[in-house]
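A look at the structure
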Amino acid sequence: MDNNRVLVTGGMGYIGSHTVVELQEAGYEVLIVDNLSNSEASVKYGIEAITGKKVEFEQVDCCDYDALDKVFERFAPQSVIHFAASKAVGESVQQPLMYYRNNLNSLVNILTAMRKHGTENIVFSSSCTVYGQAEKLPVTEQTPRREATSPYGNTKHICEDILRDSVVAYGDFKVIALRYFNPIGAHPSALIGELPRGVPNNLIPFVTQTAAGIREQLSVFGDDYNTPDGSCIRDYINVVDLAKAHIAALGRMRQGKMKDSFEVFNVGTGNGVSTLEIVKTFEKVNGLKLNYRIVGRRAGDIEAVWADPSYANNELGWKAEATLEDTLRSAWNWQKHLNNK
Ligand code: NAD
Ligand code: WQD
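Only a predicted model underlies this, so the values are computations on that prediction, with no experimental measurement involved. (Residues numbered from 1 in each chain as written. Chains lettered and ligands numbered in written order. Predicted model: local features only at pLDDT ≥ 70, side-chain atom pairs only at ≥ 80, totals over all residues. Heavy atoms only, no water.)

What to know about the overall build of the protein chain
Check the secondary structure of the protein chain and you find 11 helices and 13 strands. In the protein chain, which comprises 341 residues, the share counted as buried stands at 53%. Summarising the internal contacts of the protein chain: among those between residues at least 6 apart in sequence, 81% fall at separations of at least 24. Of the accessible surface of the protein chain, which amounts to about 14,800 Å², a share of 47% is contributed by carbon and sulfur atoms. (Helix = DSSP H or I, 4+ residues; strand = E, 2+ residues; numbered from the N terminus. Buried < 20%, exposed > 50% of the residue type's maximum accessible area, 1.4 Å probe, protein only. Contact = heavy atoms within 4.5 Å. Areas by Shrake-Rupley, 256 points an atom, 1.4 Å probe, with all protein chains shown as cover.)

The following block contains the structure:
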């Protein structure tokens with residue numbers, strides 16, 4: 001099938017919405033399917049305000065095969081970007097069956113519909129969680145995957161395996177799994193961003209909500225790790241840069257540049273940044289004081305992980321460009337936008 005139509009599952013979510021903006025700006029025709037389990041219908045208007053183009057959206061659950069089948073019948077996409085999944089690590093420990101059901105069934109349904117309707121390309125949202133605590137840093141795509149420490153993490157392992165097996169069995173499939181590091185920040189327009197539900201688990205929404213007075217105090221989980229300042233290290237990637245990696249991946253597939261029908265890329269900056277560095281930089285660039293204190297380690301946290309992104313840089317022709325300063329400014333601007341809503 002040769003067209004420029006892209007079906008974006010989970011496209012109303014945090015990373016999906018930023019990717020839809022980049023897709024529209026690159027001239028792709030996009031249809032979003034999302035069940036709005038972790039997003040809002042109003043996200044569509046944010047995207048439209050940025051791109052000036054109409055967003056096509058259908059409220060569909062990817063676990064509902066018949067509904068998906070109709071979407072493929074009507075839209076006949078050449079490519080799929082599959083973001084739709086449940087993603088809260090702690091919740092997945094409490095509700096493993098919900099996580100396996102949602103994340104695995106969604107992918108199996110998408111692949112089944114792709115086979116039936118002749119759609120060949122899929123970009124999949126994987127995660128650096130598949131590396132766990134690597135022995136050697138930074139991690140490359142050859143770094144061995146480690147046994148998952150949560151049902152959520154395990155769904156990423158299993159989904160990667162489902163995709164690898166499908167490529168072997170069904171000759172025409174082309175798959176790129178992007179292993180995201182820690183996506184943060186928001187679109188510079190502050191019209192779309194992350195919409196955490198309840199108390200945020202992730203660092204940046206907790207930081208911005210603390211700065212906004214919604215949370216009283218940020219807990220920094222541990223300062224006794226074997227790192228320069230004792231706090232954990234991550235590779236924080238600007239969400240717009242991450243969105244652009246999807247455009248690069250699609251281009252690679254469509255131009256027949258893949259070296260293998262199943263490819264994996266690390267999508268990170270290559271810079272390891274500590275939790276305390278995040279706090280200090282956020283304070284500095286936004287002219288704020290954050291109320292925080294050091295507390296004990298969070299169960300299950302890994303000490304340090306950051307990407308070696310050179311394979312993605314060289315092969316995808318993509319590179320993270322935003323500075324941490326700009327990204328943390330964008331995160332605060334988005335929080336201010338939410339405060340004014
Ligand atoms: P998000 O929750 O903001 O977006 C996911 C979207 O998928 C939401 O809009 C949700 O309503 C939708 N969705 C969930 N289940 C669905 C279903 N069955 N049918 C239709 N829609 C469904 O999350 P995000 O941060 O944008 O993450 C997108 C993808 O990237 C996920 O697969 C996630 O696991 C992966 N990922 C995220 C991170 C991160 O830190 N945010 C890191 C690595 C990988
Ligand atoms: C970042 C750092 C915390 C909150 C998770 C998933 C991973 C991937 C990305 C999807 C850690 C510290 C946090 C707080 C803190 N998601 N922290 N106080 O744990 O690296 O990764 O999101 O695939 O799978 O596990 O991200 O944002 O929760 O934490 O000190 O209130 O901030 O200890 O070092 P994490 P995070």
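Topic: the environment of Glu120
Take Glu120: it is sitting in the loop between α5 (96–117) and β5 (121–127). Taking the C-alpha atoms as reference points, Glu120 and Tyr170, separated by 50 residues in sequence, lie 9.8 Å from one another. Ignoring sequence-local partners within four residues, the contact set of Glu120 consists of Gln78, Met114, Asp172, Phe173 and Lys174.

What to know about the pairing of strand β6 (residues 174–180)
It is a general feature of regular strands that their side chains alternate between the two faces of the sheet. Burial runs high along β6: six of the seven residues are buried. With helix α6 (residues 151–169) bridging β5 and the parallel β6, this β-α-β connection has right-handed handedness. (Right-handed = clockwise from strand over helix to strand, strands pointing away.)

Topic: the nonpolar core
Ranked by size, the top nonpolar core spans 40 residues in total, and within it Leu23, Ile47, Leu178, Leu250, Leu316 and Trp318 carry the most contacts. Top contributing element to this core by residue count: helix α8 (residues 239–254), with nine residues. Setting aside residues up to four positions removed in sequence, Leu178 forms contacts with Val123, Phe124, Ser125, Ser126, Ser127, Ala245, His246, Ala249, Phe265, Val267 and Leu316. (Core = buried A, V, L, I, M, F, W, Y, C linked by side-chain atoms within 4.5 Å.)

Side note on the site of ligand 1
As a matter of local geometry, ligand 1 sits amid 28 residues, with Asp34, Asn38, Ser39, Asn102 and Tyr152 nearest to it. Within the side chain of Asp34, an N or O atom sits 2.6 Å from an oxygen atom of ligand 1. Contact with the protein chains hides 95% of the accessible area of ligand 1, taken as 820 Å² for the molecule alone. If you list the elements that add at least two residues to the shell around ligand 1, you get α1 (14–25), α5, β5 and α6. Considering every element that reaches the shell around ligand 1, the biggest residue donor is β5, with three residues. Per-class residue counts for the shell around ligand 1 are 13 nonpolar, 11 polar and four charged. (Near = heavy atom within 4 Å. Polar contact = N/O pair within 3.5 Å; in protein donor to acceptor, adjacent residues only side chain to side chain. Nonpolar A, V, L, I, M, F, W, Y, C, P; charged D, E, K, R; others polar.)

Observations concerning the state of the cysteines
Overall, the coordinates contain zero disulfides when judged by the stated rule. Cys128 takes part in no disulfide bond, and the closest cysteine sulfur, belonging to Cys232, lies 12 Å away. Judged by relative accessible area, which is 10%, Cys128 ranks as buried. Lacking any disulfide linkage, Cys159 is separated from the closest cysteine sulfur, that of Cys63, by 11 Å. (Disulfide = S-S within 2.5 Å.)

A word on unusual backbone geometry
Negative phi is the rule for most residues except glycine; trans is the rule for most peptide bonds. Here the amide bond leading from Leu137 into Pro138 is cis, since omega sits at -5 degrees, within 30 degrees of zero. With respect to the helices, strands and loops of the structure, Pro138 is situated in the loop between β5 and α6. Even without a glycine there, the phi angle at Ala190 is positive, about 60 degrees. Along the chain, Ala190 turns up in the loop between β7 (182–184) and α7 (203–211).

A look at the pattern of salt bridges
Summed over all chains, the structure comprises 17 salt bridges. Across the pair Lys174 and Glu120 runs a salt bridge, and its minimum N-O distance is 3.3 Å. Of the two residues, Lys174 sits in strand β6 while Glu120 sits in the loop between α5 and β5, which places them 54 residues apart along the sequence. The network of salt bridges with common partners includes Arg145, Glu160, Asp161 and Arg179. (Salt bridge = Lys/Arg side-chain N within 4 Å of Asp/Glu carboxyl O.)

Observations concerning the site of ligand 2
Residues in close proximity to ligand 2 total 18 residues, the closest being Ser127, Tyr152, Ser219, Arg234 and Asp301. Interatomic distance of 2.9 Å between a backbone N/O atom of Phe221 and an oxygen atom of ligand 2. Separating an oxygen atom of ligand 2 from a side-chain N or O atom of Asp301 is a distance of 2.5 Å. Protein contact buries 87% of the 680 Å² of open area that ligand 2 shows by itself. Top contributing element to the shell around ligand 2 by residue count: strand β8 (residues 218–221), with four residues. Taken together, the residues of the shell around ligand 2 sort by class into eight nonpolar, seven polar and three charged.

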